[in-house]
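# Summary of structural features
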Amino acid sequence: MKPQPLKLAAIGCGSRTFIYFELAAKQPELYAIVAAADHNAARRTKARELSRNPDFREFVDDAALLAEPKLADVMIIATQDAFHFAHASAALRKGYDLLLEKPISTSLADVLALDRLATGLGRRVLVCHVLRYTPFYRRVKEIVAGGRLGELVSFEATEGVEAWHQGHSFVRGHWAVAEKATPMIIAKSCHDTDILSWLVDSPCISLNSFGGIMHFRPERAPPGAPARCTDGCPVGDTCLYNALRYLGDRRNWLGLIYDRAGTASDAEIVDWLKVSPWGRCVYRCDNTAVDHQTVNMTFASGATGTFTMTAFSEGRDLAIFGTKARLLAGERVKRLAGCDIVIEDHTTHALERITIDFDQDGGHGGGDAGLVRMLYSEMSKPQAADMESSLQKSVESHLIGFAAEESRVTGRTVHLAEIRAR
Ligand SMILES: NC(=O)c1ccc[n+]([C@@H]2O[C@H](COP(=O)([O-])OP(=O)(O)OC[C@H]3O[C@@H](n4cnc5c(N)ncnc54)[C@H](O)[C@@H]3O)[C@@H](O)[C@H]2O)c1
């Protein structure tokens, strides 16, 4: 018998829901998009168009949607970080399984409470750790788990956020004030702590972390730079962060934050930049999100590893040192060696070069497309906890992130057993 498509609904119609809807609508044999809620009418209209469903229903907010009898199998929770806990808890109570955007929540207590709630109600929660669904990381996992490198002893990992992206999202944007969203190590790097603990496949025992805001501070502002780029900045022509780039080579970024980006005139956009957070000088914002951070970790297996997040590199880099071979992978390898992964055997010094093809749809190196493709089968697995990025598995990566932030702020080494006990 032909399987019934999984019915999808969403709370929050921003860039993430649009990506998931667009990908799901291309697979009508697997998914039917039935409803969405957002305060913003233009976004609801876009969600309706993407759904390709004449019976699609729209709601002005989470409460209106959840007041209806259960409309779908899976609710996508893609509001901003601070709302995840409330919206996810309410949808779980209403009977929905969830596709929950990361971070799970903004505090560890809420992460654990949501895990308890979902387990108690017997519901499934798949966290959008999209990197687990990329062909690149799946191949790295296969190499590590298959023993090709021998025993995993150490790793070095870097996430280069990239300077413009840091300015857009973590200086001017939604995640700039960590207290209103989540600390950088959770907001941006929970993907990395998730992938690293998945690859090591052993619980993290203790860690320490350092970092801060080195560049995006008032004292680093060029002389004479005004509060807004629209106020006639003397270095506007050469400044990497000039907000007027939203009218030119950075127009694609505008679409993420300004609904009329596709149709607005330049004059309208300039008027908007005069009042919007994205028009502010990056050296004169209220940002508290760090622009660089390191985490130094030890695992129950005995392995150790370091992770660096920096605004001033681009893409992810990974080195894994095993007892039989070392693996180098990611952006630098791509640029220098023209492939995605290089494995060097310790005995023969032979180099194996691996290139990976992936589906460009969505983003995240094929992770968005991979997640949506696998959502159906993940939701059909016998045990909720066995899903690739289940809530139960994702708790571990969030634990590492919250512990790292505690270490960065207090200057102490944090033993995860203390946090688990708390
Ligand atoms: N998995 C990933 O790799 C990845 C990447 C980027 C962002 N994210 C996460 O995805 C989430 C969403 O990000 P985004 O960029 O799509 O956000 P966004 O700000 O573009 O969209 C959020 C939407 O939620 C709506 N909303 C707010 N309150 C609501 C309510 N009560 N009921 C219904 N709708 C409501 C807003 O109007 C807005 O349209 C964030 O938590 C973010 O951290 C994940």
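Scroll up for the structure.
Overview of the structure.

What counts, and where the lines are drawn
Residues numbered from 1 in each chain as written. Predicted model: local features only at pLDDT ≥ 70, side-chain atom pairs only at ≥ 80, totals over all residues. Heavy atoms only, no water. Helix = DSSP H or I, 4+ residues; strand = E, 2+ residues; numbered from the N terminus. Rg over C-alpha atoms; globule rule 2.2 N^0.38 Å. Buried < 20%, exposed > 50% of the residue type's maximum accessible area, 1.4 Å probe, protein only. Contact = heavy atoms within 4.5 Å. Areas by Shrake-Rupley, 256 points an atom, 1.4 Å probe, with all protein chains shown as cover. Salt bridge = Lys/Arg side-chain N within 4 Å of Asp/Glu carboxyl O. Near = heavy atom within 4 Å. Polar contact = N/O pair within 3.5 Å; in protein donor to acceptor, adjacent residues only side chain to side chain. Nonpolar A, V, L, I, M, F, W, Y, C, P; charged D, E, K, R; others polar. Domains from an automatic or database assignment. Pairing = 2+ DSSP bridges. Axes fitted to C-alpha atoms, helices over the stretch in contact; angles between N-to-C directions.

## A few points about the overall build of the protein
- Counting secondary structure elements, the protein contains 15 helices and 15 strands.
- For the protein, whose C-alpha radius of gyration is 22 Å, the value lies close to the compact-globule estimate of 22 Å for 422 residues.
- For the C-alpha atoms alone, the extent of the protein along its principal axes is close to 65 × 65 × 45 Å.
- Counting over 422 residues, the protein shows a buried share of 55%.
- Counting contacts in the protein only where the partners sit at least 6 residues apart, residues at least 24 apart contribute 70% of the total.
- Working note: accessible area of the protein is about 18200 Å², and carbon and sulfur atoms make up 54% of it.

## Here we look at the pattern of salt bridges
- According to the stated counting rule, one finds 31 salt bridges in the structure shown.
- R245 serves as the salt-bridge partner of D249, at 2.6 Å between the closest nitrogen and oxygen.
- With a shortest N-O distance of 3.0 Å, K381 and E378 are connected by a salt bridge.
- According to the relative accessible area criterion, K381 is partly exposed, its value standing at 26%.
- A single salt-bridge network, built from bridges that share partners, covers R132, R138, D194 and E388.

## What to know about the site of the ligand
- Close to the ligand lie 27 residues; D38, R43, D62, D81 and H84 are nearest.
- In the environment of the ligand, an oxygen atom lies 3.1 Å from a nitrogen or oxygen atom belonging to the side chain of H364.
- Protein chains shield 88% of the accessible area of the ligand, which is 870 Å² for the free molecule.
- For the shell around the ligand, the secondary-structure elements that each account for two or more residues are α1 (15-25) and α4 (84-94).
- Here the shell around the ligand is built from residues that sort into eight nonpolar, 11 polar and eight charged.
- The residue makeup of the shell around the ligand includes at least three contributed by each of domain 1 (6-123) and domain 2 (132-216 + 288-359 + 390-421).

## Examining the pairing of strand β9 (residues 292-299)
- Here β9 shows a clear split, with Q293, V295, M297 and F299 buried on one side and none of H292, T294, N296 and T298 buried on the other.
- The sheet contact formed by strand β8 (residues 204-212) and β9 spans eight bridges and is antiparallel. Each residue of the ladder has a partner; that of G212, found in β9, is H292.
- In terms of strand pairing, β9 meets strand β10 (residues 304-310) through seven bridges, oriented antiparallel. Looking at the pairing, H292 lines up with T310 of β10.
- Here β9 folds back onto β10 in antiparallel fashion, the turn holding four residues, of which G302 has a positive phi close to 105 degrees.

## Details of the sheet that holds strand β13 (residues 341-345)
- Spatially, the nine strands line up as an open sheet ordered β14-β13-β12-β11-β7-β10-β9-β8-β15, and their pairing is mixed. Either end of the sheet is taken by a strand with one partner, and the two such strands are β14 (351-354) and β15 (414-415).
- The strands that helix α9 (residues 190-200) touches are β7 (152-161), β9, β10 and β11 (314-322); relative to β7, the one it contacts most, it runs at about 160 degrees.

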